[in-house]
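Fold and contact review
Okay, here's what each chain looks like letter by letter:
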Amino acid sequence: MLALRNIHHSFGDNTVLQDVTLQVRSGEVHALLGMNGAGKSTLLQIAAGVLAPQKGTVEIDGREANLKSPADALLKGIVFLTQEVDRGLVPHLSVHENLTAVLLKNERRILFHKSTNRERARALLAQYGLDIDVNRSVSSLSLYEKQMLSIIRAVAGNARYLLLDEPTASFDRKETERFHRIVAKLKEQGIGIVFISHRLHEVFALSDRISVLRGGKLALQKNTGETTLEETVHAMTGSDAGKARRETTRLGPTQFKVDDLRLWKEGPPLSLELKAGEIVVVFGLLGSGKTTLAETLFGVHRAYQPIIKGTERLINGTRSAVRNGIVLIPEERGKQGIWKRHDIRTHLALSFKGWISKRKETAYSREAIEWFTIRPASPSYKVGALSGGNQQKVAIAKWFAADPDVVIFDEPMKGIDVLAKETIFQMIESLAEQKKSILYLTAEPDDALRIADRIVILSRGRIIHQLQASEANAERLLRLAEMEENAYGVR
Amino acid sequence: MEFANIEQRKTNRVNQPAAELAFRYGAVIIILGVIAFFSIINEHFFTYSNFSDILRSISIVTFLALGVTFSLVVDGFDVSVGSTTSLATIAAASALVLHRQELLVTLLIPLLCGILVGLLNAFLVVKVKLPDLLATLAVMYVVNGVQLTYTKGYSIYEGMPSSIGTQTGHFIPSFLFIGQGEVLGIPVSVILMLVFVGCAYVFLEYTTFGRRMYMVGDNPEAANLFGIPVNRYRVFAYVVSGLFAAIGGIVLASRIGTGQVSAGAPLLMDAVASAYIGYALFGEKRPSVIGTLLGSILIGVLLNGLTMMDVPYFAQDIVKGGILIVALAFSFLRKDKKD
């Protein structure tokens, strides 16, 4: 039995885990649920030896494990697979080489035979009903296949406990089914599994026990048979959370309209309509196609023809998107939204044309910095040295000089502290007051309710539901996003 | 995680001011030091005529280095500039000697060659998506081969024999003026160099177009998501690189008054070194025109000084390499640069 007892953990003044106890027996599947920031990942990291608990203990079979590092945890039979499955695999080596590397290491062998290696790998894969050519290179595998390969490799290396962080987020329906069968097989072999998931139906189908974290505390811990979906969702969101907080505003005419938009080649068609001054939230779980939708609207993937302010336009690239008044604040702020080595002024004045007048730009920057409350309020400050919240403000403010009509936010609150978050919400609201249309894509029900006039629910590339913010609450959003996925989710 | 980062930043921001200063002005200090050193050692070093010589000697390399700098700005790399210079030299000489052309055509043909090589580089790097170093290396061979094939390996000079008898075309004075003339005691090639350095500097530092080139080089993904046509900027950079190399070739042809085959090849490494010294300058890891000019001056000063000290030319490369190591170490050893 792997047990975490009375775990406390905090980063600085920010307490992430408070007195959390969680156990998983051999052959048991334990689902870990909670909203973002509830402390799930931190808990798994502690269980896997990535972090040392500040208080509390990790025990294996009743004895304190005292994990020093992930490698140490591995030796003791605990394997942690993060969402980035590629990390543990060597992309340009073949499937069998990746699979048998651990075996060979355990056997302390230096020389090995390629054909026996292939045989062993085939046998392993067959044992779990996985049909992959062992000679293919790992880089050519799908995300699902990589994930499965990582799991099988872990088990072949004598793992006794598997910790999985959202293993199924990117799986389609068939893959999910096959994953379920593999989990069943692992259970038979007496392997204990803890997994994080946002898909509630899957949690109920797979797990023996459910723990819900909320704000770093255990909000629910029951055997799966003894609880209900409603109770679980309630525990995740809390009783006070989940009312729409925005006052309804008066909306202008339709500003942006698109029909028959496809997120991928043979994907389902999708329509979207935004009014002037309206904030529409696209709510979708991980893997729903949120980011693809944002990028497609911004012209990153393929051309499409929206109607903007009554005339049909052609968007065939990011440049034409900007020219037609559509802008994007991308999800990966550091990688896609800012230039860390450049100063604030350069960002804010980036859509200026012609000669650079430092004086004019600095004056403009000061104004914008004031308006967006960017701190420190110095135009020459390097953006890479700002805090996450201020970086995001710069990432948003850099569009301001372009005077857009449609502003798309893709999960803008990632890694942003509470105070900055509220400022950014107010920024978004004042953009809406200036009759800009806002599209806000998120997987966070709380954020969605905070900012939305209208909420559309996205699942597997299609809009499956629309509702006014006043009709919504966190429970309802989560259940809609999750349940309808099962009802419609054949791809 | 977020908190850990903030802590990290705090500790990083506290730098020793002295070390910071050394990093920032390291290359400048080295140049001044080298000049001071040679001035003390040799009385003829610190004279107007010697400095004029130094500038004249670096003017051609500087054109090539400017080309490399433009490719570095968009995070590319162009090693074909040496060959392009050779091609331009041959093109100019051929226009004059073999085809008896006047000044305008003689200037336009090499420039056109430069643009074509730039477009070929851009096609391979941007469209075919070959790694920049390898693509331009391949183009370097191709272009070198083209100019050798065209001349059958012989240099082009006035009165050269050929199948139709002796060539009657010659290097016209107005063309020779570019590389050999002087205005108010300043060599024309130096004036040209300074003018183009000035133009490139103003373009990269004082126009939004130039700024966007840096943005493209620093973070192409963010640039694309800002609606900047990343590929067009990269094509532009390679074309400018080819153009600068061609200008270098024109000045070279005019300086020596013949069309030497493969005359640009030895200039490549000095050009790359200048651009990289400039890249390291001010400890910013940022390619810049002023940096490149200073880098080129540093190399010129070194060669000149070492020659005066009777250091044989074959040993000078050792010093050049050593300087490059020091300059690069200054920028790459900085620990707090997070990319």
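Everything numeric here is computed off the predicted structure, so don't read it as measured data.

Here we take up the pattern of salt bridges. Enumeration according to the criterion identifies 26 salt bridges over all chains in this entry. Note that Lys76(A) is salt-bridged to Asp72(A), the shortest N-O span being 3.2 Å. Of the residues examined, Asp72(A) reaches a relative accessible area of 13% and is grouped as buried. The salt bridge involving Lys290(A) is made with Glu411(A); its shortest N-O contact spans 3.0 Å. You can see Lys290(A) sitting in helix α9 (residues 290-297) and its partner Glu411(A) sitting in the loop between β17 (406-410) and α15 (418-433), a full 121 residues away along the chain. By relative accessible area, Lys290(A) is classed as buried at 6%. Relative accessible area serves as the criterion here: at 8%, Glu411(A) is assigned to the buried category. One network of salt bridges, in which partners are shared, links Arg345(A), Glu361(A) and Arg211(B).

Listed as interface residues are 29 residues of chain B and, on the opposing side, 38 residues of chain A. When chain B packs against chain A, the two sides together hide about 3100 Å² of surface, and 55% of this comes from carbon and sulfur. Counting the surface chain B buries against chain A, the share from its top three residues, Arg211(B), Leu225(B) and Phe226(B), is 24%. Taken together, the connections running from chain B to chain A amount to 3 salt bridges. When the shortest N-O distance is used, the salt bridge between Arg211(B) and Glu361(A) registers 2.8 Å. Those elements that place two or more of their residues in the side of chain B that touches chain A are α1 (2-13), α8 (188-206), α9 (208-218) and α10 (220-224) of chain B. Ranked by residues supplied to the side of chain B that touches chain A, first place goes to α9(B) with 6 residues.

Moving on, we come to the packing of aromatic side chains. Taken as a whole and assessed by the stated rule, the structure comprises 25 aromatic pairs over all chains. Over the face of the ring belonging to Tyr214(B) we find Arg286(B), whose NZ or CZ atom lies 4.0 Å from the ring centre.

Our focus in this paragraph is empty space enclosed by the protein. Residues and elements named next belong to chain A. Inspection of the entire model under this criterion finds 3 cavities of 30 Å³ or more. Computed from the structure, the largest cavity encloses a volume of approximately 50 Å³. Along its surface, the largest cavity is lined by Ile329, Phe372, Ile396, Trp399, Phe400, Pro404, Val407 and Leu431. Here the residues of the lining of the largest cavity sort into 8 nonpolar, no polar and no charged.

Residue and element names in this part refer to chain B. Across the interface, helix α5 (residues 103-127) lies against helix α6 (residues 132-151) with an axial gap of 9 Å and an inter-helix angle of 145°. Crossing of α5 against α6: the hand is right-handed. The segment α5 lies against α6, with Val117, Leu120, Asn121, Leu124 and Val125 engaging Asp132, Ala135, Thr136, Val139 and Val143. For the contact of α5 with α6, a count of residues per class yields 7 nonpolar, 2 polar and 1 charged.

Attention shifts here to the domain arrangement of chain A. Residue and element names in this part refer to chain A. What the domain assignment lists for chain A is domain 1 (2-237) and domain 2 (254-481). Computed over C-alpha atoms, the centres of domain 1 and domain 2 are 34 Å apart. Every contact between the two is made by 15 residues of domain 1 and, on the other side, 10 residues of domain 2. Taking both partners together, domain 1 and domain 2 bury about 1100 Å²; carbon and sulfur atoms supply 59% of that area. Our count for the contact surface shared by domain 1 and domain 2 stands at 1 residue pair in polar contact (both at pLDDT 80 or more). Tallied by class, residues from the side of domain 1 that touches domain 2 come to 6 nonpolar, 5 polar and 4 charged.

Neighbouring strands of a sheet are bound in pairs by backbone hydrogen bonds; such pairs are parallel or else antiparallel. Residue and element names in this part refer to chain A. Judged by pairing direction, the sheet is mixed, and its 6 strands sit side by side in the order β6-β7-β8-β3-β9-β10 without closing on themselves. One side of each edge strand has no neighbouring strand; the edge strands of this open sheet are β6 (78-81) and β10 (217-223). For this sheet, the mean inter-axis angle between neighbouring strands, taken without regard to orientation, is 15°. By the bridge criterion, 4 bridges tie strand β3 (residues 29-33) to strand β9 (residues 209-214) in an arrangement that is parallel. Within β9, the position partnered with leucine 32 by the bridge is serine 211. Packing of helix α1 (residues 40-47) onto the sheet brings it into contact with β3, β6, β7 (161-165), β8 (192-196) and β9, and relative to β7 it is tilted by some 150°.

Basis of the calculations
Residues numbered from 1 in each chain as written. Chains lettered and ligands numbered in written order. Predicted model: local features only at pLDDT ≥ 70, side-chain atom pairs only at ≥ 80, totals over all residues. Heavy atoms only, no water. Salt bridge = Lys/Arg side-chain N within 4 Å of Asp/Glu carboxyl O. Buried < 20%, exposed > 50% of the residue type's maximum accessible area, 1.4 Å probe, protein only. Helix = DSSP H or I, 4+ residues; strand = E, 2+ residues; numbered from the N terminus. Contact = heavy atoms within 4.5 Å. Buried area = accessible area lost by both parts, 1.4 Å probe. Phe/Tyr/Trp six-rings, centres within 6.5 Å; stacked < 30°, edge-to-face > 60°. Lys NZ or Arg CZ within 6 Å of the ring centre and 35° of its normal. 1 Å grid on protein atoms, 1.4 Å probe; cavity = no way out; pocket = protein on both sides within 12 Å on 5 of 7 lines; lining within 4 Å. Points joined across faces, edges and corners; volume = space filled by probe spheres on them. Nonpolar A, V, L, I, M, F, W, Y, C, P; charged D, E, K, R; others polar. Axes fitted to C-alpha atoms, helices over the stretch in contact; angles between N-to-C directions. Left-handed = near helix turned anticlockwise from the far one by under 90°. Domains from an automatic or database assignment. Polar contact = N/O pair within 3.5 Å; in protein donor to acceptor, adjacent residues only side chain to side chain. Pairing = 2+ DSSP bridges.

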